[in-house]
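Reading the structure
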Amino acid sequence: RERAWRRGALRHARRRGRGPGGGMVQLVTELAKSGRAKCKKCKESIEAKTVRVGKVVENVEAGFTSTQWFHPQCVTSRGPVVAEEIDGYDELPAHEQAVLVDAIANRKRKVAKSEGAASPTSPKKKIKKASKDAPSGDGTPAYPTYVHGLDMEEAYKKYNIMRAPELKDVLRTNKQLLGGVKAELVARCVDGEVFGALPICPACGKGRLRVKYVKVTGHNGQGEFSCPGWFDSEIGSRVSCGFTSSKVERPAWRQPGDLEPDDGAEAAKAAGGDWTKAFDDISPTDKKGAAQALLARARELRLSVSKDEHKGLVDCVQRLVATRDSSEAPWKPAEALVALQKEFPPIAPLSVDDPDDGEEKGPNEDIARIFDELAHWIGILKPENYGFKLGAYKKVATALRTKYATERVASGKALAKEKNNGIGKASGEKIDEFLSTGQVAALETMKAEAQG
C-alpha cells in the first residue's frame, strides 16, 4: 500500500511540474563539458562543446537534486518552453544562443502526412535508419523514404558510414543546421550533396532558409522555402523575417577544406563605376548628402534596404562612417556599398517561368503561382506587418495544387464558401480577378514598388 501511495504521489507531482520529492523542476542550459552524457530522450551522446538543456529535479524528502540532460530539440515539458528564460541562456555564446532558440522553437514541428514528405532540414523529424543487414524484399539494400535515384543512393552510402562529428564538419563547412541525431545529419548531407546547400535568406540576409518538400520524389530540390528569422544579440531576442518562396537557387555543396566561393569579387564589381565621382563634390562633413548618394545607388542595384527613407539613410550613414579613415577623411563610397551589399543583399525576383522539367502540371498551376508571387513579395516588402498573409497565400497555392488538382476551378467565390480548404473571401476575389483579367492588381502594385 505504501509503494502504491508513493507511485500515485509521484504521478501527481509530475503533473504539477514537481520532482519525485515534491521539489520544483528547473530548466538549465550550458555547453556540454564532455561527450559522456547521453540525451534522456533519444539516448544519443551529447557532443562536447555543444549546447544542452538540463532538467534539475529537487528531491525535498531525500535532500538532493538530480539533473537529466537533453539535446535542445529533445527536451520535454508539459508547459511552453521559452529559450531566453532558461537559466544559463545569457552565459552562452551568441551563435549557441541562436542554435538553442531555433531548436526549442521547432522541437514540436510536424511534417504534413498527406504526401508523406520529409524535410531533411527539420530537426524534430525522426528518419528511420537503413541497415545493411536489412535488405528489401528483392534483396537490394533498404533506404529511407527520402532517398530516390542513383545520385541520392550514392550520397547516402557515402554519408551513412560517417560518424556524427564528421557529418557536422561537412554541415559546418556549408553553414547548415547542426542539431539532431545522426539519421537527421545524414539526411541533410544527402540533400545538400544532390541539390545544393540551403542559402541565406535573400530578404533579411541573416536567416538560413528551410525547405519543406510537397512531394517525396521528383522535387529537384525545390519546395516551400521559408526563413525562420535570426537571433539579434544586440537586442537579445529573435527577429522574424517572413520570407517565403517556391523556387530558390541553391549554392554548390562543399567538402571540408574546399575554398569558399569569392562573393566579394561580384560585390566589388557592382561597387565600381562612374557613380563614385558624385562623391568628389560632397564634403566630408555632409553626411546627409553622402547618404543620399549611396542610397540612390543601392536603389539602382535593388538592394534590400528599408523602403522607409529615413531608415535607409541611417543604414547608409553607418556604412559610410565605418569605412572611412577619420571624420575629416574623404568618403569611400565603393567600400561602403560593399558593406551595404553584405548586410542587405539584392532582392531576388521570383521566377514564375519554370523550365519544362517533364512533369505534368496541374490545371490550376498558373493561379497557384500568382499566390506564390504574392507571398514572395509580401515577405520581402512588408514582413513585419503582413506576416499573417504569408501563411494564407501559401495555403491557397497548396490547395490549388493538391485539393483541386483534377479540374480547372471556375469560381473563386465558390471556393471561398467551401470549408477547410484554406481559401477565404479575399483570396477567392483574387482568383476571380485573375480568371477574368489574367492578372491581379495587388500583385502588380507590389512588383512596381519593389522595382522602385
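The rules we used
- Residues numbered from 1 in each chain as written.
- Predicted model: local features only at pLDDT ≥ 70, side-chain atom pairs only at ≥ 80, totals over all residues.
- Heavy atoms only, no water.
- Axes fitted to C-alpha atoms, helices over the stretch in contact; angles between N-to-C directions.
- Helix = DSSP H or I, 4+ residues; strand = E, 2+ residues; numbered from the N terminus.
- Parallel < 35°, antiparallel > 145°, perpendicular 65-115°, else oblique.
- Left-handed = near helix turned anticlockwise from the far one by under 90°.
- Contact = heavy atoms within 4.5 Å.
- Nonpolar A, V, L, I, M, F, W, Y, C, P; charged D, E, K, R; others polar.
- Buried < 20%, exposed > 50% of the residue type's maximum accessible area, 1.4 Å probe, protein only.
- Phe/Tyr/Trp six-rings, centres within 6.5 Å; stacked < 30°, edge-to-face > 60°.
- Lys NZ or Arg CZ within 6 Å of the ring centre and 35° of its normal.

**Section: the packing of helix α8 (residues 309–323) against helix α9 (residues 333–343)**
Here α8 crosses α9 at 125°, and the two axes come no closer than 8 Å. With respect to α9, the element α8 is oriented oblique. Note that α8 runs across α9; the crossing there is right-handed. Across from Asp315, Cys316, Arg319, Leu320 and Thr323 in α8, the residues of α9 making contact are Pro333, Glu335, Ala336, Ala339, Leu340 and Glu343. Looking at the contact of α8 with α9, its residues break down into six nonpolar, one polar and four charged.

**Quick notes on unusual backbone geometry**
Leaving glycine aside, a negative phi is the common case for residues, and trans is the common case for peptide bonds. With a phi close to 70°, Lys49 is a non-glycine residue in the positive phi region. For Lys49, the position within the fold is in the loop between β1 (25–31) and β2 (51–59). Located in the positive-phi region is Asn420, a residue other than glycine, with phi close to 60°. Using a relative accessible area of 78% as the deciding quantity, one classes Asn420 as exposed.

**Examining the packing of aromatic side chains**
For any two aromatic rings, the description comes down to two numbers: the centre-to-centre distance and the angle of the planes. Tallied over the entire structure, the rule returns three aromatic pairs. A ring pair is formed by Tyr143 and Tyr156, whose centres lie 5.7 Å apart and whose planes are at 80°; its orientation type is edge-to-face. Separated by 13 residues along the polypeptide, Tyr143 in the loop between α2 (94–105) and α3 (150–160) and Tyr156 in helix α3 bring together distant segments of the chain. Relative to Tyr393, the ring of Phe371 lies with its centre 6.0 Å away and its plane at 55°, an arrangement referred to as tilted. Placement of the pair is Phe371 in helix α10 (residues 365–381) and Tyr393 in helix α11 (residues 387–402), with a sequence separation of 22 residues. A residue is classified by how much of its surface remains accessible, and Tyr393, at 7% relative accessible area, is buried. Geometry around Trp69 places Arg52 over its ring, the cationic atom sitting 3.8 Å from the centre.

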